[in-house]
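Summary of the model geometry
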Amino acid sequence: MCLAVPGKIISISDDEPLSRTGRIDFSGVTKEVSLAYLPEALINDYVIVHAGFALSIIDQHEAAESLKLFQELDSFEALL
């Protein structure tokens, strides 16, 4: 099963479209992610990330809802 996770762009490096990367905050964990598929992405945008690539930009509300559901799943798993 594949999982795409929302995160917030906190910095962007390199202006070359294919090598452009961003530092993404995933609820306190930061990772370097390729922004090659999203040349329009800006700092403070929320993006969906899968396998090291930002695939789409989402709004803040949608990101918050997704993160809330991930937290609920984590809480449920802790009960098992």
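Presented here is a report on the structure given in the accompanying data block. Here the structure is a predicted model, which is why all the values come from computation and not from measurement.

Turning to its location among the elements, Ser34 is positioned in strand β3 (residues 29-34). Among the residues examined, Ser34 registers a relative accessible area of 14% and is labelled buried. Setting aside residues up to four positions removed in sequence, Ser34 forms contacts with Arg20, Thr21, Gly52, Phe53 and Ala54.

The subject of this paragraph is the pattern of salt bridges. Per the stated rule, a full pass over the model turns up one salt bridge. The closest approach of N and O atoms between Arg23 and Glu32, which form a salt bridge, is 3.4 Å. Its relative accessible area of 30% is what places Arg23 among the partly exposed residues. Its relative accessible area of 43% is what places Glu32 among the partly exposed residues.

One finds Ile9, Ile24, Phe26, Val33, Leu35, Leu38, Ala41, Val47, Val49 and Ala54 forming the largest nonpolar core, which totals ten residues. Elements with a minimum of two residues in this core: β2 (21-26) and β4 (46-50). Not counting residues within four places of it along the chain, the set of residues in contact with Ala41 comprises Ile9, Ile12, Arg20 and Ile57.

Examined against the element boundaries, Leu38 turns out to sit in the loop between β3 and β4. For Leu38, a relative accessible area of 4% gives the class buried. C-alpha separation for the pair Leu38 and Phe70, spaced 32 residues apart in sequence, amounts to 24 Å. Ignoring sequence-local partners within four residues, the contact set of Leu38 consists of Arg20, Val47, Ala54, Leu55, Ser56 and Ile57.

Reading guide: rules and limits
Residues numbered from 1 in each chain as written. Predicted model: local features only at pLDDT ≥ 70, side-chain atom pairs only at ≥ 80, totals over all residues. Heavy atoms only, no water. Helix = DSSP H or I, 4+ residues; strand = E, 2+ residues; numbered from the N terminus. Buried < 20%, exposed > 50% of the residue type's maximum accessible area, 1.4 Å probe, protein only. Contact = heavy atoms within 4.5 Å. Salt bridge = Lys/Arg side-chain N within 4 Å of Asp/Glu carboxyl O. Core = buried A, V, L, I, M, F, W, Y, C linked by side-chain atoms within 4.5 Å.

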